[in-house]
Amino acid sequence: MPIINVKSINWRNDPIVMGCLPGKPPNDNTYFRSPLRAAMLWNELERAGVPGVVGAWSHEAGGGRFLNVISIKQMYPGHAKQVGHATTAVHAGAYANRFVIVVDDDIDPTDTNEVLWALCTRTEVTDDIDIVKRMWSTSLDPMAYAGDEGPRYYNNRMIIDACRPFERLATFPPVARATQEHAAELRSRWPDLFTADGKVRKDVRRAGRNGG
């Protein structure tokens, strides 16, 4: 263990507490926990010998723990299942996890809308969802169940394969979407309709919904 030599101690009567208490996201702890845990997940999956991982994210909505999304380049049948189960088994993914979603490499795991779109268009709910029971959790998990002996907590979790079926990669319907170049050209022709980051302005969307 490292040795620390204390030379002085500073104090004040009215301290500024720099603690970072867990809370409903977005919260202080999710700002640092999400990218760090995502990096740990990616690193541990590669160290475990799991190939094809191209992205990882521990979603802020899950407090940087409960919802992990992994993006992969599919290489063989069962690859997505392997990645999903490995994610919930490695150290960074085992602790207080509840959902693991595996998506293809064309999906940005940090983009909630893209992940939800993959869930809606690439998941067969009878075959692509696995439930794993009695996994490692914490008293900070409101849905964790205490064991009969001592303060041991466990939870149940869901692994979702939101990838295109491997056997249908060659025939699966292509994504119907304008290219980035085409979208940029359209935005440049009507700049008043878009914000600086390329999204449709809220007042324009409201007018469209109201028939304006």
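First, a word on scope: everything that follows refers to the structure included in this document. (Residues numbered from 1 in each chain as written. Predicted model: local features only at pLDDT ≥ 70, side-chain atom pairs only at ≥ 80, totals over all residues. Heavy atoms only, no water.)

## Thoughts on the packing of aromatic side chains
Within the structure shown, the criterion is met by 2 aromatic pairs. Seen in terms of ring centroids, Tyr145 and Tyr154 are 5.9 Å apart; in terms of plane orientation they differ by 35°. Their pairing is tilted. Lying across the ring of Tyr154, Arg134 places its NZ or CZ 4.3 Å from the centre. (Phe/Tyr/Trp six-rings, centres within 6.5 Å; stacked < 30°, edge-to-face > 60°. Lys NZ or Arg CZ within 6 Å of the ring centre and 35° of its normal.)

## A word on the pattern of salt bridges
A complete count under the given rule lists 6 salt bridges for this structure. Of the charged contacts in the structure, one is a salt bridge between Asp104 and Arg122, with a shortest N-O distance of 3.0 Å. Of the two residues, Asp104 is situated in strand β3 (residues 99-104) and Arg122 in helix α4 (residues 112-122); the sequence distance between them amounts to 18 residues. Classification of Asp104 by relative accessible area gives buried; the value is 2%. The salt bridge partner of Arg164 is Asp104, with a shortest N-O separation of 3.2 Å. (Salt bridge = Lys/Arg side-chain N within 4 Å of Asp/Glu carboxyl O. Helix = DSSP H or I, 4+ residues; strand = E, 2+ residues; numbered from the N terminus. Buried < 20%, exposed > 50% of the residue type's maximum accessible area, 1.4 Å probe, protein only.)

## Some remarks on the layout of surface pockets
In this structure, the largest pocket encloses a volume near 770 Å³. Taken together, 18 residues line the largest pocket, and the ones lying closest to its centre are Asp111, Glu114, Arg177, Ala178 and Gln180. Of all the secondary-structure elements, those providing two or more residues to the lining of the largest pocket are α4 and α5 (180-189). A per-class count over the lining of the largest pocket returns 7 nonpolar, 4 polar and 7 charged. Quantified by volume, the second largest pocket comes out at close to 180 Å³. Lining the second largest pocket, in full, are Pro22, Gly23, Pro25, Asn29, Ala61, Gly62, Gly63, Arg65, Phe66, Leu140 and Pro142. Residues that form the lining of the second largest pocket fall into these classes: 6 nonpolar, 4 polar and 1 charged. (1 Å grid on protein atoms, 1.4 Å probe; cavity = no way out; pocket = protein on both sides within 12 Å on 5 of 7 lines; lining within 4 Å. Points joined across faces, edges and corners; volume = space filled by probe spheres on them. Nonpolar A, V, L, I, M, F, W, Y, C, P; charged D, E, K, R; others polar.)

## A word on unusual backbone geometry
Look at the link from Pro25 to Pro26: it is a cis peptide, with omega at -5°. The backbone phi angle of Ala96 is positive, close to 55°, even though this residue is not glycine. Mapped onto the elements of the fold, Ala96 is located in the loop between α3 (91-94) and β3. Backbone geometry at Arg134 places phi at a positive 55°, although glycine is not the residue there. If you trace the backbone, Arg134 turns up in strand β4 (residues 129-136).

## Concerning the side chain of Ser137
With respect to the helices and strands, Ser137 occurs in the loop between β4 and β5 (145-146). Judged by relative accessible area, which is 6%, Ser137 ranks as buried. Here Ser137 is in contact with Tyr95, Ala96, Ala144, Tyr153, Tyr154 and Asn155, once residues within four sequence places are set aside. (Contact = heavy atoms within 4.5 Å.)

## Side note on the state of the cysteines
Throughout this description, disulfide means a covalent bond between two cysteine sulfur atoms. Evaluation of the coordinates by the stated rule reveals 0 disulfides. The thiol of Cys120 is unpaired, and the distance to the nearest cysteine sulfur, on Cys163, comes to 15 Å. We classify Cys120 as exposed; its relative accessible area is 68%. (Disulfide = S-S within 2.5 Å.)

## Here's the deal with the environment of Ala178
Inspection of the secondary structure assignment puts Ala178 in the loop between β6 (153-162) and α5. Between the C-alpha atom of Ala178 and that of Leu116, which follows or precedes it by 62 residues, the distance is 19 Å.

## Quick word on the pairing of strand β2 (residues 67-72)
Across the 6 residues that make up β2, a large majority, 5, are buried. In terms of strand pairing, strand β1 (residues 53-58) meets β2 through 5 bridges, oriented antiparallel. Within β2, the residue paired with Gly55 across the bridge is Ser71. As judged from the 6 bridges shared by β2 and β3, these two strands associate in the parallel manner. Residue Ile70 lies in a different strand from β3, and its bridge partner there is Val102. (Pairing = 2+ DSSP bridges.)

The values reported here are purely geometric and, on their own, carry no functional implication.
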